[in-house]
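# Notes for the structure review
One-letter residues, chain by chain:
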Amino acid sequence: MDISREGIYNLLLDLVKIPSVSPGKGETLIAEFIHDTLRDLPYFQKHTDNLYYIPIPNDPFSRKNVFAMVEAEPKTNRTIILTGHIDVVDTKEARSLEEVAFDPEEYTKRIKELDLPEEAAKDLESGKYLFGRGVMDMKAGIAIQMALLAEYSQNPKNIPINIAFLAVVDEENNSAGMRTAITHLAKLQNQGLEFVACINSEGVIPKYPGDTNRYIDIGTIGKIMPFFYCVGRESHVGQYYAGLNANLLTSAVNMILEGNPEWAEKWRGEVYPPPASLKQKDLREIYSVTLPARAMVYFNHLTVTSTPAEILEKSKEVATQAFEKAINHLEQSANEFSKKANTSVPIPWKTKIITWQELLIEVSKTFEGELDNYIKEFINNLPDELDERDKSLATVGELIRLYPDKNPMIVVGFLPPYYPHKTNKREIESEKKMLAAVEEIIKEAKDEFGEILAISEHFASISDLSYLGFQGEKDELVPLALNTPGWGIIYDIPLDDLLLLDIPVVNLGPMGKDAHKFVERLELDYSLDVVPKLLKSLIQKLS
Ligand SMILES: [Zn+2]
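Residues numbered from 1 in each chain as written. Predicted model: local features only at pLDDT ≥ 70, side-chain atom pairs only at ≥ 80, totals over all residues. Heavy atoms only, no water.

For the rest of this paragraph, the subject is the nonpolar core. In globular proteins that are soluble, nonpolar side chains generally tend to be buried together. With 93 residues, the main nonpolar core has Leu166, Phe228, Tyr229, Val253, Leu359, Val411 and Ile493 as its most contacted residues. No other element matches the 10 residues that helix 9 (residues 308–341) contributes to this core. Viewed by domain, this core spans two of them, domain 1 (5–9 + 28–88 + 135–220 + 421–475 + 492–513 + 524–542) and domain 2 (222–418), each represented by three or more residues. When near neighbours in sequence (up to four residues on either side) are disregarded, Val411 contacts Phe227, Phe228, Tyr229, Ile354, Thr355, Trp356, Leu359, Val396 and Ile400. (Core = buried A, V, L, I, M, F, W, Y, C linked by side-chain atoms within 4.5 Å. Buried < 20%, exposed > 50% of the residue type's maximum accessible area, 1.4 Å probe, protein only. Helix = DSSP H or I, 4+ residues; strand = E, 2+ residues; numbered from the N terminus. Domains from an automatic or database assignment. Contact = heavy atoms within 4.5 Å.)

Shown next, in the form of structure tokens:
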């Protein structure tokens, strides 16, 4: 393992060869490969305590992160973290070539057997790209970081700062790796380490067709998932106006929130996409000629400034508007209908919005026994095949069953996962220092390599850099936990540790295209020749 182009390339092939599809056993295997490869370095032969696993608690695949650190001589507390994820998404899209997707050279040779999009065909023709699962997202970044660590380990006297390397699992799934790692980082910080910066090397993609810029991200986007669990009133379709169709409520929510540009967040001229519903369904399993009484919709919302507390308030407003919209719709309908039928049709429904936290409090007033234990047992008895979101929603359903007030309502809360945003606000010293270093790198890239690098305010594809600190107060974060059904059982972020961290972040990684698709590819020259040098220089400048 060395920092030459060939050294990085060969390590990349070795890393890709291990099919570390998330979630799965392959992630454990690649963690072991990385650990063992580093263990063979003379530095870690000598400093065995500086290389270890961080196991994911209660993990069905016994997955683990790898942590390694080369300590500068003379001793210092100042530390830079290099980090990246070692899992990949699956290869179903590669169809007949699925088996070779983990063998990039073979895959690149044979990929023309598949029907290639025009740009991918052109890139293949150019000979400048390597295709394969995980080549750009993000095993090239991992290979570069490992090679850098190996180089630093040869002479710790040459580095003014400790270099830590943190390889995490499960990024493509629920980020269990990084959510586990933050507790470890907080512990190291408590023991005296000062984390100066965290550098990720996620693959970077062009921002628009024909974009020739390279990007360096000085922040990472946040993601939060508000849900709206709608309770109507069932009624035989023959007595239409006696019921309230829960599907009408979710539809009203969707009409208000889906693609709502008022929600689109903005930072220094960059505007981010509005919310999108990821799932909307009624919760009845059987066919029936009855108006459905329960339905839900949940959304993905990307943040660069909003906190969970703000999103909760805004979600309550959306629910209120939606409920009123649904009642209006019914009143208009009833009005026309009564004229037509020459009869009077009252619409009795009143808007009622309740958060998950409020629902818990209400139910606990009449529940006999320990509600917390009851919920825990309820969740533990749910079928394993339900994902985190479905388990959370089933928990809401159970609480509604226990709630004596049977009036129609919309329950508002959050579903996992949550990724806080990290925005470089140019406010604190460490942010300013990061920006200055990045500006120097941009100049260097142009002067020395003829590469045009541009600052991107946020890595837009969601990254684990999210978990290196929360930008806000505790009371802006805590509503997330209080309003996520099954928090601590189904899903968890160690919030106290998250609040302890405030590590400036940056993403400087290889360039590629079409992450997660079958034409995922790495641009070789820039990625293997230029990025390692820029990374080394960035580390130098941040030291
Ligand atoms: Zn990635």
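Moving on to the sheet that holds strand 13 (residues 353–355). For sheets, the rule is that strands pair by backbone hydrogen bonds, running either parallel or antiparallel. A sheet is described by the order of its strands in space; here 5 strands give the open sequence 11-12-8-14-13, paired in mixed fashion. Every interior strand has two partners, whereas the edge strands, strand 11 (276–282) and strand 13, have only one. Along the sheet, successive strands turn relative to each other by an average axial angle of 20°, direction set aside. Sheet topology places strand 13 next to strand 14 (residues 409–419); 3 bridges connect them, and they run parallel. (Pairing = 2+ DSSP bridges. Axes fitted to C-alpha atoms, helices over the stretch in contact; angles between N-to-C directions.)

With that settled, consider the pattern of salt bridges. Should their charged atoms come close, side chains of opposite charge can pair. Summed over the entire model, instances satisfying the criterion amount to 37 salt bridges. Salt-bridge contacts for Glu194 lead to Arg78; the nearest nitrogen and oxygen are separated by 3.8 Å. Of this pair, Glu194 sits in strand 6 (residues 194–200) while Arg78 sits in strand 3 (residues 78–85), and the two are 116 residues apart along the sequence. The exposure class of Glu194 is partly exposed, given its relative accessible area of 40%. (Salt bridge = Lys/Arg side-chain N within 4 Å of Asp/Glu carboxyl O.)

How two helices sit against one another is set out by the angle between their axes and by the gap between those axes. For the pair helix 13 (residues 429–449) and helix 16 (residues 524–542), the least separation of the axes is 10 Å and the interaxial angle reads 145°. At the point where helix 13 passes helix 16, the crossing takes the right-handed sense. Across the interface between the two elements, Lys433, Met434, Ala437, Glu440, Ile441, Glu444, Ala445 and Phe449 from helix 13 touch Val530, Lys533, Leu534, Ser537, Leu538, Lys541 and Leu542 from helix 16. (Left-handed = near helix turned anticlockwise from the far one by under 90°.)

Metal coordination angles in their ideal form are 109.5 degrees for the four-donor tetrahedron and 90 or 180 degrees for the six-donor octahedron. The zinc ion binds to the protein through His85 (NE2), Asp137 (OD), Glu202 (OE) and Glu202 (OE); the donor distances cover 1.8 to 2.8 Å. Classification of the site at the zinc ion as irregular follows from its 4 donor atoms and the range of 52 to 146° in their angles at the metal. Expressed as a motif, the donor residue spacing for the zinc ion is H-x51-D-x64-E. Of the two residues, Asp137 is situated in helix 6 (residues 135–154) and Glu202 in the loop between strand 6 and strand 7 (214–217); the sequence distance between them amounts to 65 residues. Neither Asp137 nor Glu202 differs from the other in exposure class; each is buried. (Donors = N, O, S within 2.8 Å, 3.2 Å for Na, K, Ca; no water. Tetrahedral: all angles 85-135°; square planar, octahedral: opposite > 155°, others 65-115°.)

Attention shifts here to the domain arrangement of the protein. One frequent convention defines the size of an interface as the accessible area lost when the parts assemble. What the domain assignment lists for the protein is domain 1 (5–9 + 28–88 + 135–220 + 421–475 + 492–513 + 524–542) and domain 2 (222–418). Distance from the C-alpha centre of domain 1 to the C-alpha centre of domain 2: 39 Å. Contacts between domain 1 and domain 2 engage 17 residues on the former and 18 residues on the latter. Here domain 1 meets domain 2 over a buried area of about 1400 Å², counting both sides, of which 57% is carbon and sulfur. Among the residues of domain 1 in contact with domain 2, Asn174, His421 and His458 are the three that bury the most area, contributing 37% of the side total. Inspection of the region where domain 1 meets domain 2 yields 1 salt bridge. Arg268 is the salt-bridge partner of Glu457, the closest N and O atoms lying 3.9 Å from each other. One can count 8 residue pairs in polar contact (both at pLDDT 80 or more) joining domain 1 with domain 2. Classifying every residue of the side of domain 1 that touches domain 2 gives 5 nonpolar, 8 polar and 4 charged. (Buried area = accessible area lost by both parts, 1.4 Å probe. Polar contact = N/O pair within 3.5 Å; in protein donor to acceptor, adjacent residues only side chain to side chain. Nonpolar A, V, L, I, M, F, W, Y, C, P; charged D, E, K, R; others polar.)

Taken together, Val237, Tyr287 and Val289 make up a surface patch of nonpolar side chains, about 340 Å² in accessible area. Here Tyr287 shows up in the loop between strand 11 and strand 12 (294–303). Of the residues examined, Tyr287 reaches a relative accessible area of 74% and is grouped as exposed. (Patch = residues over 30% accessible without salt bridge, like charges linked within 9 Å, V, L, I, M, F, W, Y side chains within 5 Å. Areas by Shrake-Rupley, 256 points an atom, 1.4 Å probe, with all protein chains shown as cover.)

Here the residue pair Asp137 and Met138 is connected by a cis peptide bond, since its omega of -10° sits within 30 degrees of zero. Among the structural elements, Met138 can be located in helix 6. For Ser175, which is not glycine, the phi torsion reads 55° and is therefore positive. Within the fold, Ser175 resides in the loop between strand 5 (162–168) and helix 7 (176–190). We note that His516 has phi near 75°; this positive angle belongs to a residue other than glycine.

This next bit is on the sheet that holds strand 17 (residues 512–513). Strand order in the open sheet made by the 3 strands is 4-18-17, with antiparallel pairing throughout. A single partner strand is all that each edge strand has here, and the edge strands are strand 4 (129–131) and strand 17. As defined by bridge partners, strand 17 adjoins strand 18 (residues 521–523) across 2 bridges and the pair is classed as antiparallel. Considered in strand 18, the bridge of Lys513 is made with Arg521. Sitting on the sheet, helix 16 is in contact with strand 4 and strand 18, with an inclination near 55° to strand 18.

Within the secondary structure, Ser527 sits in helix 16. There is a polar contact of 2.6 Å between the side chain of Ser527 and the backbone oxygen of Glu523. Those residues within four positions of Ser527 in sequence are excluded, and the remaining contacts are Ile144, Pro510, Met511, Leu522 and Pro532.

Attention now moves to the packing of helix 9 against helix 14 (residues 474–482). Their axes nearest at 6 Å, the elements helix 9 and helix 14 cross at an angle of 60°. Put simply, helix 9 runs oblique to helix 14. Residues Pro308, Ala309 and Leu312 of helix 9 form the contact with helix 14, whose participating residues are Asp475, Glu476, Leu477, Pro479 and Leu480. Across the contact of helix 9 with helix 14, the residue classes break down as 6 nonpolar, no polar and 2 charged. (Parallel < 35°, antiparallel > 145°, perpendicular 65-115°, else oblique.)

A word on helix 8 (residues 246–257). The end-to-end C-alpha separation of helix 8 is 17 Å, in line with the 16 Å expected for 12 residues at 1.5 Å each. The buried count for helix 8 comes to 9 of 12 residues, which makes it a mostly enclosed element. Among the residues making up helix 8, those that are buried are Ala246, Leu248, Leu249, Thr250, Ala252, Val253, Asn254, Ile256 and Leu257. Against the buried residues of helix 8 lie strand 8 (222–231), strand 11, strand 12, helix 9 and strand 14. Two or three places before Asn247, at the opening of helix 8, Asn245 has a side-chain oxygen 2.9 Å from that residue's backbone nitrogen. Backbone geometry just after helix 8 places Gly259 at a positive phi near 60°. (Expected span 1.5 Å × (residues − 1).)

The next subject is the packing of aromatic side chains. Summed over all chains, the structure comprises 8 aromatic pairs. Their ring planes at 85° and their centres at 5.1 Å tell us that Tyr43 and Phe44 sit as a pair that is edge-to-face. Judged by relative accessible area, Tyr43 falls into the buried class, the value being 6%. Arranged with centres 5.1 Å apart and planes meeting at 90°, the rings of Tyr240 and Tyr241 form a pair that is edge-to-face. The exposure class of Tyr240 is partly exposed, given its relative accessible area of 34%. Here Tyr241 falls in the buried class, since its relative accessible area comes to 16%. An aromatic cluster is defined as three or more aromatic residues linked by ring pairs; in this entry it consists of Tyr240, Tyr241 and Phe337. When the ring centre of Tyr526 is taken as reference, the NZ or CZ atom of Arg214 above it lies at 4.3 Å. (Phe/Tyr/Trp six-rings, centres within 6.5 Å; stacked < 30°, edge-to-face > 60°. Lys NZ or Arg CZ within 6 Å of the ring centre and 35° of its normal.)

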